[in-house]
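Here is what each chain is made of, one letter per residue.
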Amino acid sequence: MTDHILTLEQQVMQAQAKQIRAEDEASRLKSKMAKQRNELARLTELVSQLQAEKDILASEIKWMRGETS
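Read on for a plain summary of the structure. None of the values given here were measured: they were computed from a predicted structure.

So, about the overall build of the protein chain. A tally of regular secondary structure across the protein chain gives one helix and zero strands. The dimensions of the protein chain, computed from C-alpha atoms along their principal axes, are 95 × 10 × 10 Å. Across the 69 residues that make up the protein chain, the buried fraction comes to 0%. Accessible surface for the protein chain amounts to roughly 6700 Å². Of this, 59% is attributable to carbon and sulfur atoms.

Set out below in structure tokens:
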């Protein structure tokens, strides 16, 4: 009987440890996702800025060539 109780206690402890590991992994992944979202937002903003600069440069090149917009 004692062995059975010990086995159940061990199973409970193992399950708790597994749950803690899973929660730690979930927390780590959430942090990673937040970093990726921030980086994606930063890169998206940079792309928008580059597109605006490209449009300005294209407009200036047309002006230099004497082309009308």
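Still more ground to cover, so stick around.
This next bit is on the pattern of salt bridges. A full pass over the atoms with the stated rule returns four salt bridges. Salt-bridge contacts for Glu39 lead to Arg42; the nearest nitrogen and oxygen are separated by 2.7 Å. With a gap of three residues between them, Glu39 and Arg42 both fall in helix H1 (residues 2–65), about one helical turn apart. For Arg42, a relative accessible area of 43% corresponds to the partly exposed category.

Cut-offs used in this document
Residues numbered from 1 in each chain as written. Predicted model: local features only at pLDDT ≥ 70, side-chain atom pairs only at ≥ 80, totals over all residues. Heavy atoms only, no water. Helix = DSSP H or I, 4+ residues; strand = E, 2+ residues; numbered from the N terminus. Buried < 20%, exposed > 50% of the residue type's maximum accessible area, 1.4 Å probe, protein only. Areas by Shrake-Rupley, 256 points an atom, 1.4 Å probe, with all protein chains shown as cover. Salt bridge = Lys/Arg side-chain N within 4 Å of Asp/Glu carboxyl O.

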